[in-house]
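Each chain, letter by letter, is given below.
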Amino acid sequence: MKTYSFALSIIAASLAGAALVSIPSDANAAGTISIGVISPNDVVPTGTAVTFQVSSADFPGVPSYTVSDSFPGSSVSNALISKSGYFNWTPGPDDIGTHVLTISAFDAYNNRHTITRTVRVTEASMVSIRNLAPGPVVAPDTAVTFSVAALGYANPSYWVSDSFYGSTLSSRNIDSYGNFSWTPKKSDAGVHGLSVRVTNSSGRTDTVYQTVTVKGINLRSISSRSVTVGSTMTFGIDTFGMTLPSFRLTDSSPNNTISNATVVGSDFSWTPQAQDIGTHTITVNATDIHGAFHSTSFTVTVSPVSTVIQTPSQPAQPAAPAKYVFRTALNVGSKGAEVSELQKRLKADGYFSGPVTGTYGPLTKAAVQKFQKANRLQQLGNVGPGTRAALNK
């Protein structure tokens, strides 16, 4: 009997994109908080507004929010986070450096829940993105447009790239005047880290970043679409731009047993029976609490059980594991499955010698810097769009 596993991760995002979940500081307090994707990026030049949405779930009462910063003399204050958890901060020249932002949410019983994100502020860039429309979160088949302003550049040239694996975006989406236009497809559902590089004939160069989240759902890490009767298949979904989605499965094949699929949280498991032999087009439908609906389909072939006699000269070959696709910005303080996968990858490549803990600490940072050096990337020690692109090659 074969078992086909598909790693699962649900990213139930607010309108800002994918989220990271915190652990309540009071072990007896219900609820969690999450931070959406930072726009435009977690590395920004001075004068660029940094925004993200803080969301809460299962809180008793309406939460209130505060924000603090590890950076001495920071211009961050509680006035920058609204009652609904929307954070908007424009760093100035005195904010150049690394900021560890701690966001606290207090429930009706004054229990405190915290989560952190790191933002690095650099010197002001002469390049900026203007007139982003319709915004940083879009639906599939909706055109995304913006213009790139390159002050002080004579006859600049423009290139654009995307950290999203399999993106339909290409360098053709930006013209010689710095005007960008791209219409994402359903397959582009996810968080896209766009990098726009500007150069001129004298060799001067600048790069500006923009995060765009395409709403929808995607299947992830499917290594095989063929199973035998009695084999249990599990698979996972990433959701983007959706709040607390619920799921429903349908099957194109008549007399199927897909209704027997089990759902535990966001983990899907199905064991096909003899009546399922054949080809199935399974559709996963997702609906969030605001009524937003997205769906995606995949095909599975169910075969009868066969007996295979193996000789010593023909040993069984294990199936190659599915390659993990990194999608999230990571840095010191990050925790979770994505960090564990990063540590496994760096250990396999010989850059990381510590234990796989799921916590992004100094050893992980040092290993990332070694990886960045080997791939001719800036050795910042955090996993941004360029490093994710190198990891996902």
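Rules and cut-offs
- One numbering rule holds for all chains: residues counted from 1, following each sequence as written.
- For a predicted model such as this one, the threshold for reporting local features is a pLDDT of at least 70, and the threshold for listing and counting side-chain atom pairs is 80 or more; totals across whole chains, interfaces and linings nevertheless cover every residue.
- Derived side-chain values reflect all non-hydrogen atoms in the structure, with water molecules and hydrogen atoms excluded from consideration.
- Only runs of H or I of at least four residues qualify as helices and only runs of E of at least two qualify as strands under DSSP, and these elements are numbered from the N terminus.
- The rule is simple: take the accessible area with a 1.4 Å probe, protein chains only, and divide by the maximum for that residue type; under 20% is buried, over 50% is exposed, in between is partly exposed.
- Residue contacts are counted whenever heavy atoms from the two residues lie within 4.5 Å of one another.
- Working definition of accessibility: Shrake-Rupley area with a 1.4 Å probe, residue cover restricted to the visible protein chains.
- One speaks of a salt bridge when a side-chain nitrogen belonging to Lys or Arg is within 4 Å of a carboxyl oxygen belonging to Asp or Glu.
- Here the rule is simple: two strands pair whenever DSSP picks up at least two bridges between them.
- A cavity here means a set of 1 Å grid points, computed over protein atoms only, where a 1.4 Å probe fits but cannot escape. A pocket is an open set with protein on both sides within 12 Å along at least 5 of 7 lines, and lining residues have an atom within 4 Å of a point.
- Grid points are joined across faces, edges and corners, and a volume is the space filled by probe spheres set on the points.
- Classification used: nonpolar for Ala, Val, Leu, Ile, Met, Phe, Trp, Tyr, Cys and Pro, charged for Asp, Glu, Lys and Arg, polar for all others including Gly.
- Grouping buried Ala, Val, Leu, Ile, Met, Phe, Trp, Tyr and Cys residues that are joined through side-chain atoms within 4.5 Å yields what is termed a nonpolar core.
- By this rule the span expected of a helix is its residue count minus one, scaled by 1.5 Å.
- Our arc is simply the arc of the directions from the helix axis toward the C-beta atoms.
- Every angle, taken between N-to-C directions, lies between 0 and 180 degrees, and every axis is a line fitted to C-alpha atoms, over only the stretch in contact when it is a helix.
- When an angle is under 35 degrees it counts as roughly parallel; over 145 it counts as roughly antiparallel; between 65 and 115 it counts as roughly perpendicular; any other value is oblique.
- What makes a crossing left-handed is the near helix being turned counterclockwise from the far one by less than a right angle; a clockwise turn instead makes it right-handed.

Caption draft 1: How the structure looks around the overall build of the protein. Each helix and strand in the protein was counted, giving three helices and 23 strands. Counting every position in the protein, which comprises 393 residues, the buried fraction comes to 46%. Counting contacts in the protein only where the partners sit at least 6 residues apart, residues at least 24 apart contribute 59% of the total. In the structure as shown, the protein presents an accessible area of about 19200 Å², 52% of it carried by carbon and sulfur atoms.

Caption draft 2: Spatial organisation of the pattern of salt bridges. Within the structure shown, the criterion is met by two salt bridges. Note that Lys344 and Glu341 form a salt bridge whose closest N and O atoms lie 3.8 Å from each other. Of this pair, Lys344 and Glu341 both sit in helix H1 (residues 337-348), three residues apart, which is roughly one turn of the helix. With a closest N to O distance of 2.9 Å, Arg345 and Asp349 form a salt bridge.

Caption draft 3: Focus on the sheet that holds strand S10 (residues 137-138). An order of S10-S15-S14-S12 is seen for the four strands of this open sheet, with the pairing classed as mixed. Taken across any chain shown, the strands that pair with only one partner, and hence form the sheet edges, are S10 and strand S12 (157-162). In the sheet, S10 pairs with strand S15 (residues 205-214) via two bridges, with the strands oriented parallel. From the neighbouring strand, Val138 faces S15, where its bridge partner is Val214.

Caption draft 4: Local environment of the layout of surface pockets. Counted as a void, the second largest pocket has a volume near 1200 Å³. Every residue lining the second largest pocket is counted, 47 residues in all, and those nearest its centre are Val43, Ser195, Thr207, Val208 and Tyr209. Secondary structure elements with two or more residues in the lining of the second largest pocket: strand S3 (43-45), strand S8 (112-122), strand S9 (127-133), S12, strand S14 (190-199), S15 and helix H3 (385-391). Class assignment for the residues of the lining of the second largest pocket results in 18 nonpolar, 22 polar and seven charged.

Caption draft 5: Inspection of the nonpolar core at higher detail. Formed by 20 residues in total, the largest nonpolar core has its most connected members in Phe52, Phe87 and Ile103. Apart from residues lying up to four places away in sequence, Phe52 is in contact with Ile35, Gly36, Val37, Ile38, Gly85, Tyr86, Phe87, Leu101 and Ile103. In this structure, Ala150, Ile174, Phe180 and Leu194 belong to the second largest nonpolar core, which totals 19 residues.

Caption draft 6: Molecular detail of empty space enclosed by the protein. The full count for this structure, using the stated rule, is one cavity of 30 Å³ or more. In this model, the largest cavity occupies a volume close to 40 Å³. Lining the largest cavity are Ser163, Phe164, Tyr165, Val191, Phe326, Arg327, Arg388 and Asn392. A per-class count over the lining of the largest cavity returns four nonpolar, two polar and two charged.

Caption draft 7: Highlighting the environment of Lys365. You can see Lys365 is positioned in helix H2 (residues 362-374). Separated by 16 residues in sequence, Lys365 and Gly381 have C-alpha atoms that sit 4.8 Å apart. For Lys365, the contacting residues outside a window of four places in its chain are Val332, Tyr360, Leu380 and Gly381.

Caption draft 8: Representation of the pairing of strand S22 (residues 278-287). As judged from the six bridges shared by strand S19 (residues 246-251) and S22, these two strands associate in the antiparallel manner. What sits directly across from Phe247, in S22, is Ala286. Bridge count for S22 against strand S23 (residues 293-303) is 10 bridges, and the pairing is antiparallel. Bridge assignment links Ile282 to a residue of S23, and that residue is Phe298.

Caption draft 9: Here's a closer look at H2. The end-to-end C-alpha separation of H2 is 19 Å, in line with the 18 Å expected for 13 residues at 1.5 Å each. When we look at burial in H2, the residues that qualify are Thr364, Ala367, Val368, Phe371 and Gln372. Viewed end-on, H2 has its buried residues packed into an arc of 140°, placing them on one side of the element. Those residues of H2 that are exposed and aimed more than 90 degrees away from the buried face are Pro362, Leu363 and Lys373. Looking one or two residues beyond H2, the residue adopting positive phi is Arg376, at roughly 60°.

Caption draft 10: Here's a closer look at the packing of H1 against H2. Orientation of H1 relative to H2, taken along the N-to-C sense of each, is 55°, at an axis distance of 10 Å. Taken together, the axis directions place H1 and H2 in an arrangement best described as oblique. Like other packed secondary-structure pairs, H1 and H2 cross with a definite hand, here left-handed. Along its contact with H1, which presents Leu342, Gln343 and Leu346, the element H2 presents Thr364, Ala367, Val368 and Phe371. Grouping the amino acids of the contact of H1 with H2 by side-chain chemistry returns five nonpolar, two polar and no charged.

Caption draft 11: Here's a closer look at the sheet that holds strand S5 (residues 64-69). Sheet architecture is open: four strands sit in the order S3-S8-S7-S5, paired in mixed fashion. What marks the edges here is a single partner per strand, and that holds for S3 and S5. On average, each strand axis in the sheet is inclined to that of its neighbour by 30°, with strand direction left out of account. Here 10 bridges tie strand S7 (residues 97-106) to S8, and the two strands are oriented antiparallel to one another. In the sheet register, Val100 faces S8, and the bridge partner there is Thr118.

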